[in-house]
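Take a look at the letters that make up each chain.
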Amino acid sequence: MKEKRTCGQRCEDFGNFVWNSDNGTFMGRTPAKWVYISLYYVAFYAVMTALFSLSIWVLMYTLSPYTPDYQDRLQSPGVMVWPNTYGEEIVEITYNRSNKQSWMKMSNILKNFLEPYNETIQQSRNNYTCAKGQYFIQSQFTAPHHNKWSCPFCQSMLGACSGISDPTFGYNCTMPCVIIKMNRIINFLPSNITGVAPYVNCTDGSQNIADIKYFPPNGTMDLSYFPYYGNLAQPNYVNPLVAVRFSLVNQKQATVQCRVVADKIIVTDYVYINISTNKK
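Residues numbered from 1 in each chain as written. Predicted model: local features only at pLDDT ≥ 70, side-chain atom pairs only at ≥ 80, totals over all residues. Heavy atoms only, no water.

Under the annotation held in an unreviewed UniProt entry, the protein carries the name Sodium/potassium-transporting ATPase subunit beta and is attributed to Neogobius melanostomus. According to UniProt, the comment filed for the protein under the heading Sequence similarities (unreviewed entry) is "Belongs to the X(+)/potassium ATPases subunit beta family." On record in UniProt, under Subunit (unreviewed entry), the comment for the protein is "The ATPase pump is composed of two subunits: alpha (catalytic) and beta (regulatory). Interacts with alpha subunit ATP12A; this interaction is required for the formation of a functionally active pump and targeting at the plasma membrane. Interacts (via N-terminus) with alpha subunit ATP4A (via the P-domain)." (UniProt positions renumbered as here; feature names shortened; annotations may be inferred.)

## A look at the state of the cysteines
Disulfide: a covalent bond formed between the sulfur atoms of two cysteine residues. Under the criterion given, the structure shown has 3 disulfides. Covalently, C130 is tied to C151 through a disulfide, its sulfur atoms 2.1 Å apart. Taking the sign of the S-S torsion, -110° for the link of C130 and C151, the bridge is left-handed. In this pair, C130 is assigned in the loop between α4 (119-125) and β5 (177-182) and C151 in the loop between α4 and β5, connecting sequence segments 21 residues apart. Comparing C130 with C151, the two get one shared label, buried. Along the protein, the cysteines that take part in disulfide bonds pair up as 1-2, 3-4, 5-6, counted in sequence order. (Disulfide = S-S within 2.5 Å. Helix = DSSP H or I, 4+ residues; strand = E, 2+ residues; numbered from the N terminus. Buried < 20%, exposed > 50% of the residue type's maximum accessible area, 1.4 Å probe, protein only.)

## What to know about a nonpolar patch on the surface
A cluster of nonpolar side chains, Y40, Y41, F44, Y45, V47, M48 and L51, forms an exposed patch at the surface whose accessible area comes to about 750 Å². Along the chain, Y45 falls in helix α2 (residues 31-62). (Patch = residues over 30% accessible without salt bridge, like charges linked within 9 Å, V, L, I, M, F, W, Y side chains within 5 Å. Areas by Shrake-Rupley, 256 points an atom, 1.4 Å probe, with all protein chains shown as cover. Salt bridge = Lys/Arg side-chain N within 4 Å of Asp/Glu carboxyl O.)

## Let's talk about helix α3 (residues 100-113)
Each α-helix winds once per 3.6 residues, and so residues spaced three or four apart point in a common direction. With 14 residues, α3 extends 20 Å from end C-alpha to end C-alpha; this agrees with the ideal 20 Å at 1.5 Å per step. Every buried residue belonging to α3 is among S102, W103, M106, S107, I109, L110 and F113, and all of these are buried. Close packing links the buried residues of α3 with β3 (79-82), β4 (91-94) and β5. For α3, the N-terminal capping position is held by N99, with its side-chain oxygen 3.1 Å away from the main-chain nitrogen of Q101. (Expected span 1.5 Å × (residues − 1). Contact = heavy atoms within 4.5 Å. Polar contact = N/O pair within 3.5 Å; in protein donor to acceptor, adjacent residues only side chain to side chain.)

Below, the structure is given as structure tokens:
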């Protein structure tokens, strides 16, 4: 039967393990062996760190900070609408003309969305005169801070839907405005046809819209805003917008289909908008 050791004996054994004066060992090894094993692990982890750092450097060296290597799934941009009051599947814009709080909610969404498009802000950030009607191809970083130039898009270009002359954006009556933009895709050119700009087209199948007006005229997005070179190259870039004003009649409710038309934009990239004034 093994003899049971006391607590003092166990502490004595542990002390001998930590430092054995008879053999001159510290935790089972002599100081020379501890030096050898320490040098081994220092060298091992130094090599591993160097290999890891080299692999990261090679990876970063082969990646462009301006353009994603893989964007094959983004061949055609999507379409977005403001006020961005989305229902389960489509944009649901419902407001009560007799209730100021109801229609002010819609107009405030548009007001906040258009803040970066303020005339003063655009002049300070994008003080560059772009040639209209043609792509703004930039092979060099000629803008300040090693950037590329961005064409200004001012709120006033949205005419009656700019919120300048009518801060309600038509939501206090039956002429509401919506704002449409395309999502950004780096280096995307919407058309292969020279001088043909993409434009917004909205169609109504409910017969409850007497008139549809576009701002800028014809709902065009000028070619000078393309291509987009990415946020790093163009930190001041703003999307070109198209505002659409609907004149509602009859039931004051309509379902509209809007899409951006261009030969390199997929036909199925459209958005449905359900507009209802709720009450007379």
